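What the coordinates show
Now for the letters of each chain:
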Amino acid sequence: MTSPANSAPAATSGADALARLRALPKAEVHVHLEGTFDVDLLERWARAAGVALPRPRERLLQFEGLADFLDFLDWACGLAATRERLAELAYAFSARLAASGAGYADVIFNPTHWKAWHGRLPAMIDAIDAGFAAAEQDGLPPVGLCVSLLRTQSADAAAELVDALVALRHPRVVALSIDGNEAAAGRTGPRFAEAFRRAGAAGLKRTVHAGESSGPEGVRDAIECLGADRIDHGVRAIEDAALVALLAERRIPLGICPTSNLVLGVVASIEAHPIEPLRRAGVPVSINTDDPALLGACLEGDYALCRTAFDWSDDEVRAIAATSIAASFANDDVKRRLNEALARW
Ligand code: ADE
Ligand code: ZN
C-alpha cells in the first residue's frame, strides 16, 4: 500500500525544494533595475501618460532577442518620469529580493534608457537611493548601485559619466558597469578602457557585460581592456579553453543568468548551459536573474532550474551561494553576516 508520504504529489516536493532554495542565504550580483517592471505597472503608467502599449498586453513581454529587448527597455523606462516612480521601483526591487531570500544585491542601472532623466544624473541617483533607503529602513536587504554605460556609446560619453560619478561620490554607487548589445556595437573594449581605468582609480568596482552577445573575445577584452572585477554573463567563454583556464586561475567571477540566456536565445536548453562545465573547470560562477520581471525569472527558480538539470548536491549549491557573496560588492559586514547564515543553511 502506498503511504500518504509516498503518495504526496511531485508538486509538493518541488515546492519544498524551492522553499529551501529561497531560504538559501545568497547575494544577487547581476540584475538590472530596468528589468523589474511588471505588466500591470507598465499598463497603469502607460494609461496615465496616454501612451499606447507597443504591442498587445498578452504579447507585451515576448521578445525577439536582445536587440528587441533593449528597445523595449527604452519604452518602459521612458514611463518612469518622476522621483516617486523611481523610488517606487527601487523599493519594489528590494521587496522582490527579500522574497527570493537574497540578503544583498548589486543592481545595475543604465541612465541611457531613462529619457525623462537625461542630463539629471544626480537627481536620478538620489531618487533611486531614496527607494532603497526606505526599503532598508523597513528591514529589506541592502543594495549597491552599478551605474552602466551602453556598449553603443562613445568614449566621450563614457568619460562624461565617469566624471559625473567621481564628482558625485554617492555612497550608494559601488561600481561602473557596461551593458547593451555587443553584437551591434562591434569590438569596443579599447574604446572604454580609459573610462574604466579612471573609475577603478577612483575606487569604483568594475563589472562588464561580455560573452552574451559577444564571443570569448569580448570576455578577454573585459579582462584585458576594462580590468573587470566581475563579468556579467561571460558564458561564451566556454568556447575558448585557454580563457576558461584564465578565469579560473585569476578567480574572475561570472554573474550567470540561466533563464535570461534561455529566453533571449543565448543557449538552446538548460542542459546545454555552459554554467556546469565552467563551474567544473573551477571558474567562480553565481546564479542571477538579469531582468526578472520582464524575462519571467526569479532567483530561487533559477537555482532550482540548475540544481535539477545538473543534479547538484547541497554542498554544490552552498558553494555557488558562497561565490555570489564573495563576488558581490557588499561591504565586509554584510558579507560576514551572509556567510554566517550560509554556514547554518
Ligand atoms: N540590459 C538589460 N539586460 C541586458 C542584457 N541581458 N544584456 C545586455 N544589456 C542588458
Ligand atoms: Zn545583464
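Bear in mind that the values here come from a model prediction, so they are computed numbers and not experimental data.

1. Quick notes on the overall build of the protein chain
- When you go through the protein chain residue by residue, the secondary structure sums to 16 helices and 8 strands.
- Computed over C-alpha atoms, the radius of gyration of the protein chain comes to 20 Å, within 12% of the 20 Å expected from 2.2 N^0.38 for 345 residues, which places it in the range of a compact globule.
- Across the 345 residues in the protein chain, those meeting the buried criterion constitute 54%.
- Expressed as a percentage of contacts within the protein chain between residues at least 6 apart in sequence, the contacts between residues at least 24 apart total 75%.
- Carbon together with sulfur atoms contributes 52% to the accessible area of the protein chain, which is approximately 14,200 Å² in total.
- Distance from the positive charge centre (35 side chains) to the negative charge centre (46 side chains) of the protein chain: 3 Å.

2. Let's talk about helix 14 (residues 299–310)
- Between its terminal C-alpha atoms helix 14 stretches 17 Å, which fits the 16 Å expected from 12 residues at 1.5 Å a residue.
- Three or more residues of helix 14 are buried, namely Leu299, Glu300, Asp302, Tyr303, Ala304, Cys306 and Phe310.
- In the segment just after helix 14, Asp311 is the residue with positive phi, at about 55°.

3. Structural notes on the sheet that holds strand 3 (residues 143–150)
- Taken in spatial order, the 8 strands make up an open sheet running 1-2-3-4-5-6-7-8, and their pairing is parallel. The two strands at the open ends of the sheet, each matched to only one other strand, are strand 1 (26–32) and strand 8 (285–287). For this sheet, the mean angle separating the axes of adjacent strands, direction not counted, is 25°.
- When strand 3 meets strand 4 (residues 173–179), the two strands line up parallel, connected through 6 bridges. For Leu149, the partnering residue across the bridge sits in strand 4 and is Ile178.
- Together, strand 1, strand 2 (102–109) and strand 8 form the strand contacts of helix 14, whose direction differs from that of strand 8 by roughly 125°.

4. Looking at the layout of surface pockets
- When its volume is computed, the largest pocket comes out at roughly 310 Å³.
- Forming the boundary of the largest pocket are 16 residues, of which Pro111, Gly119, Leu121, Glu160 and Leu161 lie nearest the centre.
- Secondary structure elements with two or more residues in the lining of the largest pocket: helix 5 (121–137), strand 3 and helix 6 (155–168).
- No other element matches the 4 residues that helix 6 contributes to the lining of the largest pocket.
- Residue composition of the lining of the largest pocket, grouped by class: 8 nonpolar, 6 polar and 2 charged.
- Lining the second largest pocket are 13 residues, with Pro142, Val143, Pro171, Arg172 and Asn331 positioned closest to its centre.

Conventions we followed
- Residues numbered from 1 in each chain as written.
- Chains lettered and ligands numbered in written order.
- Predicted model: local features only at pLDDT ≥ 70, side-chain atom pairs only at ≥ 80, totals over all residues.
- Heavy atoms only, no water.
- Helix = DSSP H or I, 4+ residues; strand = E, 2+ residues; numbered from the N terminus.
- Rg over C-alpha atoms; globule rule 2.2 N^0.38 Å.
- Buried < 20%, exposed > 50% of the residue type's maximum accessible area, 1.4 Å probe, protein only.
- Contact = heavy atoms within 4.5 Å.
- Areas by Shrake-Rupley, 256 points an atom, 1.4 Å probe, with all protein chains shown as cover.
- Lys, Arg positive; Asp, Glu negative; His and termini not counted.
- Charge placed at Lys NZ, Arg CZ, Asp CG, Glu CD.
- Expected span 1.5 Å × (residues − 1).
- Pairing = 2+ DSSP bridges.
- Axes fitted to C-alpha atoms, helices over the stretch in contact; angles between N-to-C directions.
- 1 Å grid on protein atoms, 1.4 Å probe; cavity = no way out; pocket = protein on both sides within 12 Å on 5 of 7 lines; lining within 4 Å.
- Points joined across faces, edges and corners; volume = space filled by probe spheres on them.
- Nonpolar A, V, L, I, M, F, W, Y, C, P; charged D, E, K, R; others polar.

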